Amino acid sequence: MSDLAERLQAMIPRFRGRRVMVVGDFVADRYLLAEPARLSREAPVIVTREVGEEMILGGAANAVHNLVALGAEVVPIGAVGEDAAGEALIAGLAERGMDVSGVVIDAAYSTVCKTRVMVGDSDRMKQQVLRIDREPPGPPREECRAALLAAVRRHLADVEAVLLSDYGYGVVDSGTLETLLAAPRECVVTADSRYEVASLRGVSLATPNEGELEDALGIRIRSEADLDTAGWTLLDVIGASALLVTRGNRGMSLFARGEPRRDIPATGSSQVTDVSGAGDTVIAVATLALAAGASMI
């Protein structure tokens, strides 16, 4: 076994009991499961027969779920609407033994809900054929934002790391980051942002995918040299300690200050059929490892 593999194995038991705050956009991921039945006479579409429905934790709540599964003690901070999806999210978090007082219910907000229609025979993996998103009309109201920041301040002294999971619905903004960075106690702050990674200055680690890296800099990455330039440029722009770029079946590339770029290969099948939640998993594991004292690599 290599030295790195031994260090990784020794790190995993240290995950248990680490306290992590997750601040971000909670999403209810709803799955409608169906089996194909016949072709419709009304239109050239498949008629399906519904066989079930599932609601799971998505977005920032998926990062929470991953952290809990790895043994962390998690403090979730986010906003939901006064609706069934919000109730399901809060219940799902509470069932995992978490303090949900930081999940603020805003009657003028609507819980982000992504409904995926999954179709396939009973003995095969179902494929997504349609996604329907229900989104809030805008960011949480000022009263809700004040309650969210109060929850962040209330719990900040008790955690070793803060994970910002920004899906663009307004929970994570400059005020959130300023509150974290102005705190007298230092802790690891990581960020996964769909649209605003370039504005999250001062975090320990950011984890954009290649598309988000391109959008942040207004460029297109067509070669390894382009990736190299873009990675080091964004690292300087946000002033982070490191940038971990996720690249689908090409693995990940780590840009850390004072070190050469390190490429981490993907494992398993090169044919990815469902990428839902992949970024949440990367940021959850990286945050927990850093909280447990791991180096960036």
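Residues numbered from 1 in each chain as written. Predicted model: local features only at pLDDT ≥ 70, side-chain atom pairs only at ≥ 80, totals over all residues. Heavy atoms only, no water.

## A closer look at the pattern of salt bridges
Counted according to the given criterion, the structure contains 18 salt bridges. Between Arg19 and Glu73 there is a salt bridge, with the nearest N and O atoms lying 3.1 Å from each other. Taken together, the residues Arg19 in strand β1 (residues 19-24) and Glu73 in strand β4 (residues 73-81) connect sequence positions 54 residues apart. Shared partners join several salt bridges into a network, and the residues in it are Glu210, Glu224, Asp228, Arg247, Arg250, Arg261 and Asp263. (Salt bridge = Lys/Arg side-chain N within 4 Å of Asp/Glu carboxyl O. Helix = DSSP H or I, 4+ residues; strand = E, 2+ residues; numbered from the N terminus.)

## A short note on helix α6 (residues 210-217)
Residues spaced three or four apart along an α-helix face the same direction, because each turn holds 3.6 residues. For α6, the full list of buried residues reads Glu210, Glu212, Leu213 and Glu214. Buried residues along α6 sit in contact with β9 (188-193), α7 (224-238) and β11 (242-246). Capping the start of α6, Asn209 holds a side-chain oxygen 3.1 Å from the backbone nitrogen of Gly211, two or three residues further along. Positive backbone phi, at 70°, marks Gly218, one or two positions downstream of α6. (Buried < 20%, exposed > 50% of the residue type's maximum accessible area, 1.4 Å probe, protein only. Contact = heavy atoms within 4.5 Å. Polar contact = N/O pair within 3.5 Å; in protein donor to acceptor, adjacent residues only side chain to side chain.)

## Quick word on the packing of helix α2 (residues 60-69) against helix α8 (residues 278-291)
Between α2 and α8, the least distance of the axes is 9 Å, while the angle of their chain directions is 45°. One element, α2, and the other, α8, form an angle in the oblique class. You can see that α2 and α8 cross each other, and the crossing is right-handed. Contacts between α2 and α8 involve Asn62, Ala63, Asn66 and Leu67 from the first element and Asp280, Thr281, Ala284 and Leu288 from the second. Across the contact of α2 with α8, the residue classes break down as four nonpolar, three polar and one charged. (Axes fitted to C-alpha atoms, helices over the stretch in contact; angles between N-to-C directions. Parallel < 35°, antiparallel > 145°, perpendicular 65-115°, else oblique. Left-handed = near helix turned anticlockwise from the far one by under 90°. Nonpolar A, V, L, I, M, F, W, Y, C, P; charged D, E, K, R; others polar.)

## Quick notes on the side chain of Asp280
Residue position: Asp280 is located in helix α8. Although Asp280 lies buried, it forms no salt bridge, and the closest oppositely charged side chain, Arg194, sits 6.4 Å away as judged by the N-O distance. At a separation of 2.6 Å, a polar atom in the side chain of Asp280 contacts the side chain of Tyr167. The contact partners of Asp280, leaving out residues within four places of it in the chain, are Gly59, Asn62, Ala63, Asn66, Ser165, Tyr167 and Asp192. (Lys, Arg positive; Asp, Glu negative; His and termini not counted.)

## Observations regarding the sheet that holds strand β13 (residues 262-264)
Taken together, nine strands build an open sheet; the order of strands is β5-β4-β1-β8-β9-β10-β11-β12-β13 and the sheet is mixed. Whereas interior strands pair on both sides, the edge strands pair on one side only; in this sheet they are β5 (103-106) and β13. Alignment of β4 against β5, held across four bridges, turns out to be parallel. Bridge pairing in β5 places Gly78 opposite Val103. Where helix α3 (residues 84-95) meets the sheet, it contacts β4 and β5, and its direction lies at approximately 170° from that of β4. The strands touched by α6 within the sheet are β9 and β11, with β11 carrying the most contacts at an inclination of about 125°. (Pairing = 2+ DSSP bridges.)

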